[in-house]
Amino acid sequence: MTRIDPVTAAVIQGGLENIAIEMGHKLMRMSYSSIIRESEDFGAALTDAAGLQMCECKMSTPLQSGPIPGYVRNVLSVLKQRGDPIHPGDVIMHNDPYGGASHGPDVAFCVPVFLDGTLVGWSVTTAHHLDIGALSPGSCGIVDAVDTYAEGLQFKAIKVFDEGRRNEAVWHILRANIRAQALVVGDMEAQIESARIGAERFLELVGHHGIEATMAAFHDLMDYSERLMRDAIRDLPDGDYSATTYLDGFLDDPDPTRSKLPLVVTLKVRGDGLTVDLTGTAPQLPDKPINMPLVGTVDCAVWLTIRSILLDSVTYGAIPQNSGLTRPIEIIAPKGCLANPIFPAPVIARFCPGNQLADTVMRAFAQVVPHQVSAGIGNLRVVAFSGLEDGNHWVHMEIMEGSYGGRLGMDGMDAVDTLYANTRNNPVEDIESHIPLRVERYELREDVMAAGQWRGGIGAVREFTFLDDAGFSLEGDGHAFEPWGFDGGADGHVASLTLVRPDGMTQSLPSKVPFFKVNAGDKLVSNGPCGGGYGDPELRPAEAIAADVADGLITEDVARGLFAQSEN
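Reading the values: rules and limits
Residues numbered from 1 in each chain as written. Predicted model: local features only at pLDDT ≥ 70, side-chain atom pairs only at ≥ 80, totals over all residues. Heavy atoms only, no water. Disulfide = S-S within 2.5 Å. Buried < 20%, exposed > 50% of the residue type's maximum accessible area, 1.4 Å probe, protein only. Helix = DSSP H or I, 4+ residues; strand = E, 2+ residues; numbered from the N terminus. Contact = heavy atoms within 4.5 Å. Core = buried A, V, L, I, M, F, W, Y, C linked by side-chain atoms within 4.5 Å. Pairing = 2+ DSSP bridges.

Student: I'm lost on the state of the cysteines in this one. Help?
Tutor: In protein structure, a disulfide is the covalent linkage between the sulfur atoms of two cysteines. Taken as a whole, this structure holds zero disulfides when the rule is applied. Between Cys352, a cysteine without a disulfide, and Cys140, which holds the nearest cysteine sulfur, the sulfur-to-sulfur distance is 9.6 Å. Assessed through its relative accessible area of 2%, Cys352 is described here as buried. Summary of cysteine pairing: Cys530 is not part of a disulfide, and the nearest cysteine sulfur, belonging to Cys352, is at 16 Å.

Spelled out as structure tokens, the structure:
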């Protein structure tokens, strides 16, 4: 039984989605830093008054928009505990990694939406900020943080505007405690204005259709999304399906408990419900920041992967992205493991572990829907470059892509962000025109293809030359374990990171590098990982192999070694 006719519901859903898209476009246009305006590392969404997601911006990354309901729920809880009522004109800043946020640099600005004095919803933007006052410059690669306090400023439901009045004290604290203040504060102000635009558009939509019809459509659409997910789960055979992959951890740490850490996923399919059990995952590291918040990182990694496998948009088309999709899914993560750490265990470098968890979910699904998964993905690395110019910090964040494994009927995608990380790269021209770096190489690796009927994706070579004395810090994974091949396909290839001095001396670096000083003329060379192959390599068409050779991806000699049929 529906609450409103489907045509009206579809019109309202289209209106909601367009609001979120406009919020995203306005945020990109108004932002100062390339991580938002170019890489699109932001989120924009509307929720109802209780925090149930109504829609999200399709350009945003899942790890930004996905946690927004958790942000709102925790904001409501914190303000209730304080006895601090919510008023029209409030703007609330929140980045608590144990309160819905994915990690501290992802700051949300929440604008409550009131109709005739009643709270009816929230308009929220999130974004990754270049600096949040952590122990070293930048907001990634803080891999030596010993607790959440070392990860930067924590804002737990702080009103930066109170009934429309700007709380100047908060802004003074921000400017006094973060690097690259102009960029960061400018981005935050862009977030606020974008969220306000979303609130205005939501009220316009409600004014046209009425609040009762709008909310009826929303709840019908949640029920519809839930039915789609339950139907897809019901099509799976009941049973338990387990998979294990490994994180690098800290490969240069003499303590063996800090490296080569297992992530374990067991899918428990029962009728139209699915439990994702992470029992067996390694214990948390109490003083290393690769722990993953259960709410904001782990849940999003699980939900996004399940949705992309079971409700692939190629097959199902556009599906309303709302809280109904997650109702049939339960996540079990033992308290104190990497996937459910205990405060104040640090979490700022949770990005790559969460992506590897998504890959582990994919591997578990390979046992039950082998035609709907890819082989193992090549994980990402994220680097913060920084330096001083006339006493002021410059900071730049660069996401160095991974690659996808092959999948049924398709080769793996080369040099792209993977799974829950769908941010874009920064154009070389943008990098070189803003900071003292020169990009010497940006190209695909050669002769490192994972063979399969559908080959694995190929990672990128990135080479940066420092034009001034500077520093960098880096978080990543995929230096120790090859991405898994599937159904006879070959395993992929690991990543590497090398520092090259002007005299030619080289230094191999691990996948996690705390703040590291460099001199003008030094080079940082990154070789991205290559995804696993899918299917028997002997079944790869000869014309596909010839195209790989013609494109310069592999030489004829390498092709003969990977594919027996290339001899013919």
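Student: Explain the environment of Val368 to me, please; I cannot follow it from the model alone.
Tutor: Residue position: Val368 is located in the loop between α10 (351-365) and β12 (381-389). Classification of Val368 by relative accessible area gives buried; the value is 16%. Here the alpha-carbon distance between Val368 and Leu267, two residues 101 residues apart in the chain, equals 10.0 Å. Once residues within four sequence positions are removed from consideration, Val368 is found in contact with Leu236, Pro237 and Tyr241.

Student: What should I look at first to understand the nonpolar core in this one?
Tutor: Within soluble globular proteins, side chains that are nonpolar tend to cluster in buried spots. Counting residues in each nonpolar core, the largest one holds 123 residues, and the members touching the most others are Ile306 and Phe365. In terms of residue count, helix α7 (residues 211-234) provides more of this core than any other element does, eleven residues in total. Ranked by size, the runner-up nonpolar core spans 20 residues in total, among them Ile435, Phe466, Phe516 and Val518.

Student: Sorry, what's going on with the pairing of strand β5 (residues 118-128) here?
Tutor: Each regular strand shows side chains that alternate between the opposite faces of the sheet. When you tally the buried positions in β5, you get nine out of eleven residues, the bulk of the element. The sheet contact formed by strand β1 (residues 42-48) and β5 spans seven bridges and is antiparallel. If you follow Leu46 over to β5, its bridge partner there is Ser123. Where strand β4 (residues 106-115) hands over to β5, the hairpin turn is made up of two residues, of which Asp116 adopts a positive phi near 55 degrees.

Remember, this is a structural readout, not a statement about activity or role.
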